[in-house]
Structure formats: structure tokens, C-alpha cells
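Reading the structure
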Amino acid sequence: MASSTEKETLQNAAGQLRLVNHFKAHSPDNQPAGWSNLWDTDSSNLWDRGMPSPALIDFIEERVNLLTKDGRRKKALVPGCGKGYDVVMLALHGFDVFGLEVSETGASVAREYAQSELQSPQDYNFGSHFRESPGVGKGEVTILQGDFFKRDWESEMQFDLIYDYTFLCALHPNVRRQWAGRMADLLAPNGQLVCLEFPLFKDPKMPGPPWGLRGVHWDLLAEGGDGIVGGDVGEDVKGEEKGVFERLLYLKPERSYANGKGTDMLSVWIKKST
């Protein structure tokens, strides 16, 4: 009889195969329609993790200086926020948080979750280092429906913290350079882009989503490349750092989702000063 871990592994593999086959019917230029269709057919279980990111919780709780800025709450963005787990968790830690979903159905689901969860938070929103920052309290949540690559939702806002977990790996590789450009536009001058890099165990040359990202963040953000890398690219293979981002931190989180197979890495980026 298969163990619970083996069953979860098989379910994840089956879900990834369904995603790959689903997006074969959508051109790289029409990916948003593919994701909206999955939301409308109640197929979010293919990527839903059921709780906020343990790695992100530990990161912000161990770095309390992230929480305030000149005595006010910081502004955070979670693109591709799904049901809103990370959005709500960040608000409970004192951020004013904007969650972005390309699907109106997805945005509606996230709004309902936020309304309920903010009133009665579950324990999974907090780690062992949680302490509420005096004078900050609970932040506000705003869920927006929109296309990350279009300038019709952000009202020229910039964010102190942007979190990417399964957003980049859901995008077709052809738009990776645009992803990096938009992140640079949306991040405030002293802001931090926090990426939970997943999946790193999957060969980048294999079809997605999720698309394998081993070496992709470094290529895009540090080297200013197009993010199209081969399976042999890693931290030991680096080129000239011509990108607009500088990496502040790179670590293996003590806690992460099981489907990361122990390979998830957390990277933190800032824009280079000009």
C-alpha cells in the first residue's frame, strides 16, 4: 500500500501533467485565458497548497525591520495570489497587501477567503517567532483582478515587498524578461523582491507549467538575461552581472511546502542604485 507521501507525490505529478496538457491548447500569447478557464471550471486544486508559505512566514517573522517604514505599514504585492493565503498572512503581520489575480473568479474566491480569515485567523498564518509590532497592527487587504503585464490595475503604485512563489513558474518562458522588467517597475527604490524558487528539481527544458526554474532567477535578475536556460545552469555557472537587481540573500528555508522536494530556495533581491 502506498504511503501518504507517495500518494501526494503521485497526485502532484498527475496535476502537473494535466496543467501541461491544458496549456498545450493555449498559445504563449493567450496564457491568461488558460488560467481563467481553470478557475472557472473549479480546477484550482491543481496548484492550491491550502495554506500560506511557511518559508515566507519564517522570513518576515525573523526580520521585524521589514514590518514598518517611517512609522507606517509597508505595502506588499502578491501577483498570482491564488486563494489569497499569502496575502492574508502578510496582512496579519502588519502589511497593507494587494493580491493580483488574472481571473475574476479567482479574485472573487480570494476576497471571500480574506474576509473570513481576517476575522478569525487560523494558526497556520503564524510561526514560532510571531510578535505583533506595536502601533502597526493588522494591515488591509485589497484583491485586484488584472493582467500583471498591463498598467491598468496598479495606479502607478510601487511596493515595499513583492512575493513570488508559483507566479514565475506559471508563466510561459517567452515572457520571463517582461516579468523581470515589471518587477523592477513595481518595486519601490528600497523595496525587496522575495522569491521562493520552485520548482528547482525540474529540468528547465521540460514543458510546463510549472516550468523548471533552476538558474532562471539569477539569469533574469542578476545577469539581465532572458531567463531561457538549460538544465545545466546553476549557482556554479554565472555570467557577468548586468541585471538591474542585486541579490541580498539566498538560503534554503527550514520550512517549505512538501512538493518542493527539499529543493526550494528563497532569494531576496533589491534594485541596484543608479
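Just above sits the structure.
Throughout what follows, the structure given in this document is the object of discussion. (Residues numbered from 1 in each chain as written. Predicted model: local features only at pLDDT ≥ 70, side-chain atom pairs only at ≥ 80, totals over all residues. Heavy atoms only, no water.)

**Some thoughts on the pattern of salt bridges**
In plain terms, the rule: We define a salt bridge as a side-chain nitrogen of Lys or Arg found within 4 Å of a carboxyl oxygen belonging to Asp or Glu. Any residue under 20% of the maximum accessible area for its type is buried, any over 50% is exposed, and the rest in between are partly exposed; the area is computed with a 1.4 Å probe on protein chains only.
Throughout the structure, instances matching the rule amount to seven salt bridges. R63 is paired through a salt bridge with E62; the nearest N and O atoms lie 3.7 Å apart. Between R111 and E104 there is a salt bridge whose closest N-O contact spans 2.9 Å. Assessed through its relative accessible area of 35%, R111 is described here as partly exposed. Using a relative accessible area of 42% as the deciding quantity, one classes E104 as partly exposed. Bridged by salt links that share partners, the residues R151, E154, R182 and D185 form one connected network.

**Remarks on the packing of aromatic side chains**
Short version of the rule: For Phe, Tyr and Trp, where Trp contributes only its six-membered ring, two rings pair if their centres lie within 6.5 Å, and the inter-plane angle classes them as stacked under 30 degrees, edge-to-face over 60, or tilted in between. Helix and strand definitions here come from DSSP, where helices need a minimum of 4 consecutive H or I residues and strands a minimum of 2 consecutive E residues; each element is numbered from the N-terminal end.
A full pass over the atoms with the stated rule returns eleven aromatic pairs. For the pair F126 and F130, a centre-to-centre distance of 4.6 Å together with 50° between the ring planes defines the contact as tilted. Exposure remark for F130: the relative accessible area of 30% places this residue in the partly exposed category. On the basis of an interplanar angle of 25° and a centroid distance of 5.1 Å, the ring pair of Y165 and Y257 is categorised as stacked. Pair noted here: Y165 is in the loop between β6 (159-164) and α6 (176-186) and Y257 is in the loop between β8 (245-251) and β9 (265-271), with a separation of 92 residues, a long-range link.

**Digging into the nonpolar core**
Soluble globular proteins tend to pack their nonpolar side chains together in the buried interior. This is how it is decided: The term nonpolar core refers to a set of buried residues drawn from Ala, Val, Leu, Ile, Met, Phe, Trp, Tyr and Cys, joined through side-chain atoms within 4.5 Å.
The biggest cluster of nonpolar side chains holds 67 residues, and the ones touching the most others in it are L90, F95, W179 and L193. Top contributing element to this core by residue count: helix α4 (residues 85-92), with seven residues. One finds F23, W39, L46 and A170 within the second-largest nonpolar core, a separate group that totals eight residues.

**Quick word on α4**
An α-helix turns once per 3.6 residues; consequently, residues spaced three or four apart project the same way. Most of α4 is tucked away, with eight of its eight residues classed as buried. For α4, the complete set of buried residues consists of Y85, D86, V87, V88, M89, L90, A91 and L92. G94 lies just past α4 and shows a positive phi near 105°.

**Some points on the side chain of H93**
Basically, it comes down to this: Think of a polar contact as two N or O atoms within 3.5 Å of one another; within protein, one of them needs to be a possible hydrogen donor and the other a possible acceptor, and neighboring residues in sequence only count if both atoms come from side chains. A contact between two residues is defined here by any heavy atoms of the two lying within 4.5 Å.
Within the fold, H93 resides in the loop between α4 and β4 (96-101). Side-chain polar atoms of H93 contact the side chain of E61, separated by 2.7 Å. Every residue in contact with H93, bar those within four places of it in the chain, is listed here: I57, I60, E61, L67, N125, F126 and F130.

**With respect to the sheet that holds β8**
Note the threshold: Only when DSSP finds a minimum of two bridges between them are two strands counted as paired. Every axis in this analysis is a line fitted to C-alpha atoms, fitted for helices over the stretch in contact. Angles between the N-to-C directions lie between 0 and 180 degrees.
One open sheet holds the seven strands; their spatial order is β5-β4-β3-β6-β7-β9-β8, and the pairing between them is mixed. Both outer strands of the open sheet, β5 (141-145) and β8, are each paired with one neighbouring strand and no more. Direction aside, neighbouring strands of the sheet carry axes that sit 20° apart on average. The sheet contact formed by strand β7 (residues 187-197) and β9 spans five bridges and is antiparallel. Bridging from a neighbouring strand, L196 pairs with L266 of β9. Across the face of the sheet, helix α3 (residues 54-61) comes into contact with β6, β7, β8 and β9 while running at roughly 140° to β7.

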